[in-house]
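# Remarks on the overall topology
So you can see what is in the structure, the chains are spelled out below.
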Amino acid sequence: VYCVLLILSCLTKHSSSFFLLGLGRVLGGASASILVSSFESWMVHQHLYLSYPDHWMRSTFEIVASGTGMVAMGCGLVATFFASHFGHVAPFDLAIG
């Protein structure tokens, strides 16, 4: 579901229709929510199921937040490169693969 929503979101960037661009934003937000919430739900469930110490969950979320920020910066640099060399929609095409 995540991949389908994200691909559809990226494809809408080729349109000049305000409605389709708005729909793309909604689809992108839904896909991001699915990605984040599924990992967090799994992580909390495993933490409780395996009876890990409570402070481990906080540490894990701190590491995830820091790692996500660093990955986002790297992706931003790659997206900027592709946008400047291949056009403003190129980063979305790259995301599709």
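Here is what the cut-offs are and how they apply
Residues numbered from 1 in each chain as written. Predicted model: local features only at pLDDT ≥ 70, side-chain atom pairs only at ≥ 80, totals over all residues. Heavy atoms only, no water. Helix = DSSP H or I, 4+ residues; strand = E, 2+ residues; numbered from the N terminus. Rg over C-alpha atoms; globule rule 2.2 N^0.38 Å. Buried < 20%, exposed > 50% of the residue type's maximum accessible area, 1.4 Å probe, protein only. Contact = heavy atoms within 4.5 Å. Areas by Shrake-Rupley, 256 points an atom, 1.4 Å probe, with all protein chains shown as cover. 1 Å grid on protein atoms, 1.4 Å probe; cavity = no way out; pocket = protein on both sides within 12 Å on 5 of 7 lines; lining within 4 Å. Points joined across faces, edges and corners; volume = space filled by probe spheres on them. Nonpolar A, V, L, I, M, F, W, Y, C, P; charged D, E, K, R; others polar. Patch = residues over 30% accessible without salt bridge, like charges linked within 9 Å, V, L, I, M, F, W, Y side chains within 5 Å. Salt bridge = Lys/Arg side-chain N within 4 Å of Asp/Glu carboxyl O. Phe/Tyr/Trp six-rings, centres within 6.5 Å; stacked < 30°, edge-to-face > 60°. pLDDT = per-residue confidence, 0-100.

### Considerations on the overall build of the chain
A tally of regular secondary structure across the chain gives 4 helices and 0 strands. Counting from the amino terminus, helix and strand elements in the chain follow one another as α-α-α-α. Scaling as 2.2 N^0.38, a compact globule of 97 residues should have a C-alpha radius of gyration of about 13 Å, whereas the chain reaches 17 Å, well beyond that. Projecting the C-alpha coordinates of the chain onto the three principal axes gives extents of approximately 50 × 25 × 20 Å. Counting all 97 residues of the chain, 15% fall into the buried class. For the chain, the proportion of contacts with a sequence separation of at least 24, taken over those separated by at least 6, is 39%. Split by element, the accessible area of the chain, about 7,100 Å² in all, is 73% carbon and sulfur.

### Here's the deal with the layout of surface pockets
In this structure, the largest pocket encloses a volume near 800 Å³. Along its surface, the largest pocket is lined by 27 residues, and Y2, L6, L35, A72 and C75 are the ones closest to its centre. For the lining of the largest pocket, the elements supplying multiple residues, two or more each, are α1 (2–11), α2 (18–49), α3 (54–86) and α4 (90–96). The element best represented in the lining of the largest pocket is α2, accounting for 10 residues. Class assignment of the residues belonging to the lining of the largest pocket gives a composition of 18 nonpolar, 6 polar and 3 charged.

### Concerning a nonpolar patch on the surface
On the surface, V4, I7, L8, L11 and I96 cluster together into a nonpolar patch covering about 390 Å² of accessible area. The element contributing the most residues to the nonpolar patch is α1, with 4 residues. Looking at the secondary structure, you find I96 in helix α4. What makes I96 partly exposed here is its relative accessible area of 32%.

### A closer look at the packing of aromatic side chains
Under the definition given, this model contains 4 aromatic pairs. When the centroid spacing of 5.0 Å and the interplanar angle of 45° are considered together, the rings of Y52 and W56 count as tilted. A ring pair is formed by F82 and F86, whose centres lie 5.5 Å apart and whose planes are at 35°; its orientation type is tilted. Of this pair, F82 and F86 both sit in helix α3, 4 residues apart, which is roughly one turn of the helix.

### Quick word on the confidence of the model for the chain
Averaged over every residue, the pLDDT of the chain is 94; the share at 70 or more is 100%. Mean pLDDT values over the elements of the chain span from 94, in α2, up to 96, in α1.

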